[in-house]
Structures are given as structure tokens and as C-alpha cells.
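Chain by chain, the residues:
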Amino acid sequence: MFDLSGKVALVTGGNGGIGLGFAEGLAEHGAGVCIWGTNEDKNAVAKDRLLTYGGQVEALRCDVSDENQVVEAFAKTVEAFGRVDSCFANAGVGGGGAQFDAMTSEEWDRVFKVNMDGVMFTFREAVKHMKESGRGGSLVVTSSGTARFGAAGSEHYSATKAGVIALIQSLAVGQARYGIRANAIIPGWIETAMTERAFATEVFQTRVMRRIPQRRWGTPTDFRGIAVYFASDESSYHTGDTIAIDGGVSHF
């Protein structure tokens, strides 16, 4: 049912964390996978890891906040694989933790350039390709629980993560006639490089863990299944949705 042989998936920020979790699930189920990342060493390590599943894998250096780099990287992806069937806009940066009344425009723009503009640039190129191919496809964005619950000191981060959900909903409606579906994923507290500083503090461990009904941190492997589902034809009538993979924290 979830055989992805012959399909191609693009994962931005696919060289680590949740993105690599997506990529591993996709590769294991037969998809060709292209990952984008800004760290070439991490790209190379991730590529070697994905190649163990036996399919075609490419890793490209791309800063999604740079429109020209996105356009060029997407063209290279299509050149290498011949097609893109699913696009996971996962690349993102965290907030700096500054109080809102002390936040600079530079800090605000830093987060928006990656988390909002980068998603727009990536999805725009994907939509162009999917419409031209006539095959449609699947768009998936990584949002955050802060889109719903807020986070003091990360107002810019929260705003981008709410913004991409609104973008997904509009894409789901506007692109449906072309066979393009669009969905968002809200991760819970996941052990990644982005969260390691917070996870290292005893106060965080004590206060947050008790709010997670499953009483464990999430890991990138928890995102393999949802990636496979959204990349497969089994999700062909599923669009405009936001799914939480969070151990139940959003319902606690």
C-alpha cells in the first residue's frame, strides 16, 4: 500500500532532525530522495545514511532564505531525478529568546526569511513543476505547537509557524484542481539539534515532561510514517489538514 517506488521526494533541512526522519522513511519505502541543507558535511553524512536503503539519493547545498538558491536547487533536483512528487518544506530556524519589546528588526527578519519566505520560495517552485507535469503532488510543511499555544520570547517564530499553516490551507484550496494537496505537521518536543540546549536544563526537563501524556521525548524516527503516508497515493484525498505528532501534548 505504501510502496513509493518510482516516486521522488524533496526534503529541505533533510540532513538532520525531523527532516532526516522524513527522508529515512521515504527512502526505506522506495522513493528517490533529494535533501537540501546549508551544512555540506551534514549533507554528506545524511546522504551516505540514506543510500543504505538502496535508492537514488542526492544532497544539495541550499539556503532556502535565498530565492535564487531555491530556484537553482529545485532545477538541479528535477534534472537529477526527472520529477518531484512530494515536497517537504522542513528547513527552519528557532527564535533568539529576546523579549518582544527588545526585538530588533534584524532578528525578526532572520526568522521570517527562513521560516516563511523559504517555505514560499520552495513551494512556489514545487507548484510550478507539479502543475507543468500534470501529475500533481504533495506539499508538506513542518509547523510548530507555538502556532497554537504561543511562546514568550519567540513571537517571530510563532508567527511564522502559524503563517505556514495558513499558507497550507490556501494552497490546499487553490491548487486542488491541479491534483496538488497540501498539509502541515506540528511536532511536539523532539530531540534534535535545535532543541538540545533547552533539553539540557533540569528545569525544562521537569516542567515539560509532565505535560507530555506519553512521558517521553519525540525522536526523528517518529516522523517516518507520516512522511510515507503523505508521499503515497493513499493520501490522495487528504488535504488542508494540520496533524500533530506530539505524544498528546496538544490535548493535555
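Scroll up for the structure.
J.: When you look at the pattern of salt bridges in this model, what are you seeing that I'm missing?
T.: Side chains carrying opposite charge are able to pair once their charged atoms draw close together. Here the structure, examined in full by the defined rule, presents 14 salt bridges. The salt bridge involving glutamate 24 is made with arginine 224; its shortest N-O contact spans 3.9 Å. One end of the pair, glutamate 24, is in helix 1 (residues 17-28); the other, arginine 224, is in helix 9 (residues 224-231), and 200 residues separate them in sequence. Notably, a salt bridge pairs glutamate 58 with lysine 47, separated by 3.7 Å at the nearest N-O pair. Placement of the pair is glutamate 58 in strand 3 (residues 57-61) and lysine 47 in helix 2 (residues 40-51), with a sequence separation of 11 residues. You can call lysine 47 partly exposed: its relative accessible area is 25%. Each of the salt bridges in this network shares a partner with another, and the network as a whole consists of Glu24, Glu28, Arg49 and Arg224.

J.: I tried to follow the side chain of threonine 142 on my own but got confused; where do I start?
T.: Its location among the elements puts threonine 142 in strand 5 (residues 137-142). Taking the relative accessible area as the measure of exposure, threonine 142 reaches 7% and is therefore buried. Separated by 2.9 Å, the side chains of threonine 142 and asparagine 90 make a polar contact. Those residues in contact with threonine 142, other than ones at most four positions away along the chain, are Phe22, Ala89, Asn90, Lys161, Ile185 and Pro187.

J.: Would you take a moment to explain the packing of aromatic side chains for this structure?
T.: Remark: the centre distance and the inter-plane angle together describe each pair of aromatic rings, the angle taken between the planes. According to the stated counting rule, one finds four aromatic pairs in the structure shown. Note on phenylalanine 22 and phenylalanine 223: the rings are 6.1 Å apart at their centroids and 85° apart in plane angle, and the pair reads as edge-to-face. Taken together, the residues span a long stretch of sequence, with phenylalanine 22 in helix 1 and phenylalanine 223 in the loop between helix 8 (202-209) and helix 9 at a distance of 201 residues. Like phenylalanine 223, phenylalanine 22 is buried. Look at tryptophan 108 and phenylalanine 112: their rings are 4.8 Å apart centre to centre, the planes differ by 20°, and that puts the pair in the stacked class. A residue pair is termed a helical-turn pair when its members lie 3 or 4 positions apart in one helix, as tryptophan 108 and phenylalanine 112 do in helix 4 (residues 105-133) at four residues. Within the aromatic cluster, the residues linked to one another by ring pairs are Phe22, Phe88 and Phe223.

Conventions adopted
- Residues numbered from 1 in each chain as written.
- Predicted model: local features only at pLDDT ≥ 70, side-chain atom pairs only at ≥ 80, totals over all residues.
- Heavy atoms only, no water.
- Salt bridge = Lys/Arg side-chain N within 4 Å of Asp/Glu carboxyl O.
- Helix = DSSP H or I, 4+ residues; strand = E, 2+ residues; numbered from the N terminus.
- Buried < 20%, exposed > 50% of the residue type's maximum accessible area, 1.4 Å probe, protein only.
- Polar contact = N/O pair within 3.5 Å; in protein donor to acceptor, adjacent residues only side chain to side chain.
- Contact = heavy atoms within 4.5 Å.
- Phe/Tyr/Trp six-rings, centres within 6.5 Å; stacked < 30°, edge-to-face > 60°.

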